[in-house]
Amino acid sequence: MNNIELIPAIDIIDGKCVRLTKGDYDQKTVYRDDPAEVAQEFEEMGFKRLHVVDLDGAKSKHIVNVDVLRRITSDTNLIVDFGGGIKTEEDIRIAFENGAAMVTVGSIAVTQPDLFLSWIERFGADKMILGADVRNGMISINGWKEDSNEALLPFLKKYVEHGVKNVLCTEISKDGTLGGPAIPLYQEIMAAYPSLHLIASGGVSCTDDILELQRKGIPAVVFGKAFYEGRIDISQLQTTLSIPFIP
């Protein structure tokens, strides 16, 4: 079994590093004023990947915090995937021109599937992460403000058939709660589509949650709040997973 890929997250509102609870903008905690400094600290710990979410962009339906993205990618060598507000090809161009290695697209894949498929063809499936944000088994869109009529597995199926390799799945009811990840949901996805590079997101509360995802064969995990609140032991992950995080 391959080691689980560990991806710290930086969510941005008003240029600051924040976390929400269940996607609720009224339940916001500001952890740091400078996301670029946080990114540098992640790199110093030995992390290679970073998940950046422009929450202002998700709400406004276009990229907002491009300056923060540029600073992060200029100041680090992290492989950054960027999401939040990716609604047009121009948004994708802006993200890539400012250093993003990949973009995460969710809402457009629901509301304009032909457009999303054209982006896969133009930019390549390796550059696109399909965001599958789930509430009560259905895909949620536009910063989790709206629920669609798309059920999770059929939604994934049509894009896996068109070459999608990377899926970021957030269980919204778990996100920011420190209540533990939705492991049965991720196992269901992997059972249906074992070749996916599935990134689990939402609910990670401690080191053991990450290790349990590893044991269940989940390829990757995003974590934020648990890290910022000191619940994740990097040295334990380093030892248990035999990954040289800390230089």
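Residues numbered from 1 in each chain as written. Predicted model: local features only at pLDDT ≥ 70, side-chain atom pairs only at ≥ 80, totals over all residues. Heavy atoms only, no water.

Undergrad: Lay out helix H1 (residues 35-45) in plain terms, naming residues and giving numbers.
TA: Every buried residue belonging to H1 is among Pro35, Ala36, Val38, Ala39 and Phe42, and all of these are buried. Axial view of H1: buried residues confined to an arc of 155°, hence all on one face. Where H1 starts, the residue carrying a side-chain oxygen 3.0 Å from the main-chain nitrogen of Ala36 turns out to be Asp34. One or two positions beyond H1, positive phi appears at Gly46, with a value near 110°. (Buried < 20%, exposed > 50% of the residue type's maximum accessible area, 1.4 Å probe, protein only. Helix = DSSP H or I, 4+ residues; strand = E, 2+ residues; numbered from the N terminus. Arc of directions from axis to C-beta. Polar contact = N/O pair within 3.5 Å; in protein donor to acceptor, adjacent residues only side chain to side chain.)

Undergrad: Can you break down the packing of aromatic side chains residue by residue, with the values?
TA: Going through the model one piece at a time under the given rule, you end up with 10 aromatic pairs. Between Phe116 and Tyr159, the aromatic rings sit 5.0 Å apart at their centres with planes inclined by 85°, giving edge-to-face as the arrangement. One end of the pair, Phe116, is in helix H6 (residues 113-123); the other, Tyr159, is in helix H7 (residues 152-160), and 43 residues separate them in sequence. Judged by relative accessible area, Tyr159 falls into the buried class, the value being 1%. (Phe/Tyr/Trp six-rings, centres within 6.5 Å; stacked < 30°, edge-to-face > 60°.)

Undergrad: Could you give an account of the packing of helix H4 (residues 89-97) against H6, naming the residues involved and the relevant values?
TA: Contact geometry for H4 and H6: axes closest at 11 Å, N-to-C directions at 35°. At the point where H4 passes H6, the crossing takes the right-handed sense. For the pair H4 and H6, the contacting residues are Glu89, Ile92 and Phe96 in the first and Trp119, Arg122 and Phe123 in the second. When the residues that make up the contact of H4 with H6 are grouped by side-chain class, the tally is 4 nonpolar, no polar and 2 charged. (Axes fitted to C-alpha atoms, helices over the stretch in contact; angles between N-to-C directions. Left-handed = near helix turned anticlockwise from the far one by under 90°. Contact = heavy atoms within 4.5 Å. Nonpolar A, V, L, I, M, F, W, Y, C, P; charged D, E, K, R; others polar.)

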